Amino acid sequence: MAELLVSAPAKINLHLEVLGLRSDGFHELAMVMQMLDLADTLRLEPTADGQISLRCDRSDLPTDGRNLIVRAAELLRARAGLPELGVAMALTKRIPIGAGLAGGSSNGAAALVGLNALWGCGFSEAQLLALAAELGSDMPFCIAGGTQLCFGRGEVLEPVALTESPALGVLLIKHPESSVSTPWAYGRCREQREDFYLSSEPEFEQRRGALRNGPLLTALRQGAACSALPPLRNDLQAVVEPEVASVRDGLAILRRAEGALAVAMSGSGPSLFALFPNRAAAAAAHRPLEGALQQAGFEAWVCGCQGGGATLG
């Protein structure tokens, strides 16, 4: 195989609920994640020198062992027991960096999926999901994609039984100079909300059940007929919005969007989004807001939802 391209799509959180603290120090989460068709592209070319290399069209992104792409490649090669395998990788970025969209995790997932095919490792999807969980909490979802319930640290997946992928359109925005530290966001959440944390597995499971059978998934199961959504919950937004000006300003602009079904922050931010019945409605809502978004310094993307994760092609 001379060369392989892999698509590495972004995700948004349609629900992010912090249930409590786990024995390993991580937070126990209950989430609904949705894959978008905004994607980076990873190009893979096998080499005979046993080296793993990465280059990127963004100079501010590390291309050494700090990058999940390189770490994923090294882990896959080690588990395959074939140290002679080599690859030259090139990443083209479209997903904004440090945005709460799992861009880095999706890039790592793309490396696992693509190199499993390029090198002929033969790992099953279940094995790739297990490897992904070793590297990052969002990475299993970035392989599976679609619409998923995500529990534990985010690595425990339950596919949402939908007749079709949601036809929702998404107006996604991010201020390029804004960033939010994920550890800081969870730390602030603990400071402000720990009195409300649940502490036992039966309590966690009760909240999971409420999410499985709640109004958000009921609406998503309507598919293309989805014309109403409940308010979206993101417990990190509740602590980030008051302290990050770009999040406050961006949400205020999106809340003016004509026909928006819901407005929220993704993950720990600072990316923000508004949902619409379809992509055309999202594009139409973007046009009258374009000037205000540009004046406030935001970048914007009109996206759709997709049913898969990292894919060959």
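For the structure itself, look to the data block above.
Just so it is clear, the structure is predicted and the values come from calculations on it, not from any experiment. (Residues numbered from 1 in each chain as written. Predicted model: local features only at pLDDT ≥ 70, side-chain atom pairs only at ≥ 80, totals over all residues. Heavy atoms only, no water.)

(A) Layout of helix α3 (residues 125-135). By the burial criterion, the buried members of α3 are Leu128, Leu131, Ala132 and Leu135. Buried residues of α3, viewed axially, fall in a sector of 105 degrees; they line one side. On its buried side, α3 packs onto α1 (68-80), α2 (103-118) and α4 (139-144). (Buried < 20%, exposed > 50% of the residue type's maximum accessible area, 1.4 Å probe, protein only. Helix = DSSP H or I, 4+ residues; strand = E, 2+ residues; numbered from the N terminus. Arc of directions from axis to C-beta. Contact = heavy atoms within 4.5 Å.)

(B) Representation of the sheet that holds strand β10 (residues 299-304) in the model. Read from one edge of the open sheet, four strands run β8-β9-β7-β10, paired in antiparallel fashion. Among the strands making up the open sheet, the edge pair consists of β8 (262-265) and β10. Averaged over all pairs of adjacent strands, the angle between strand axes in this sheet comes to 20 degrees, irrespective of strand direction. Note that strand β7 (residues 169-174) and β10 share six bridges and pair antiparallel. Note on β10: the bridge partner recorded for Leu171 is Val302. Taken strand by strand, helix α10 (residues 279-295) contacts β7, β9 (272-276) and β10, and its axis lies near 175 degrees from that of β10. (Pairing = 2+ DSSP bridges. Axes fitted to C-alpha atoms, helices over the stretch in contact; angles between N-to-C directions.)

(C) Focus on the packing of aromatic side chains. Inspection of the entire model under this criterion finds zero aromatic pairs. It is Arg153 that lies over the ring of Phe26; its NZ or CZ is 5.3 Å from the centre. Over the ring of Phe151 we find Arg208; its NZ or CZ atom is 5.8 Å from the centre of that ring. (Phe/Tyr/Trp six-rings, centres within 6.5 Å; stacked < 30°, edge-to-face > 60°. Lys NZ or Arg CZ within 6 Å of the ring centre and 35° of its normal.)

(D) Spotlight on the environment of Arg208. Looking at where Arg208 falls in the secondary structure, it is placed in helix α6 (residues 201-212). Assessed through its relative accessible area of 8%, Arg208 is described here as buried. Contacts of Arg208, omitting those with residues within four sequence positions, involve Glu28, Phe151 and Glu201.

(E) Structural view of the pairing of β9. In terms of burial, β9 is a largely internal element, five of the five residues being buried. Of the two faces of β9, the one lined by Leu272, Ala274 and Phe276 and the one lined by Phe273 and Leu275 are each fully buried. When β7 meets β9, the two strands line up antiparallel, connected through five bridges. Across the sheet, Leu172 pairs through a bridge with Phe273, a residue of β9.

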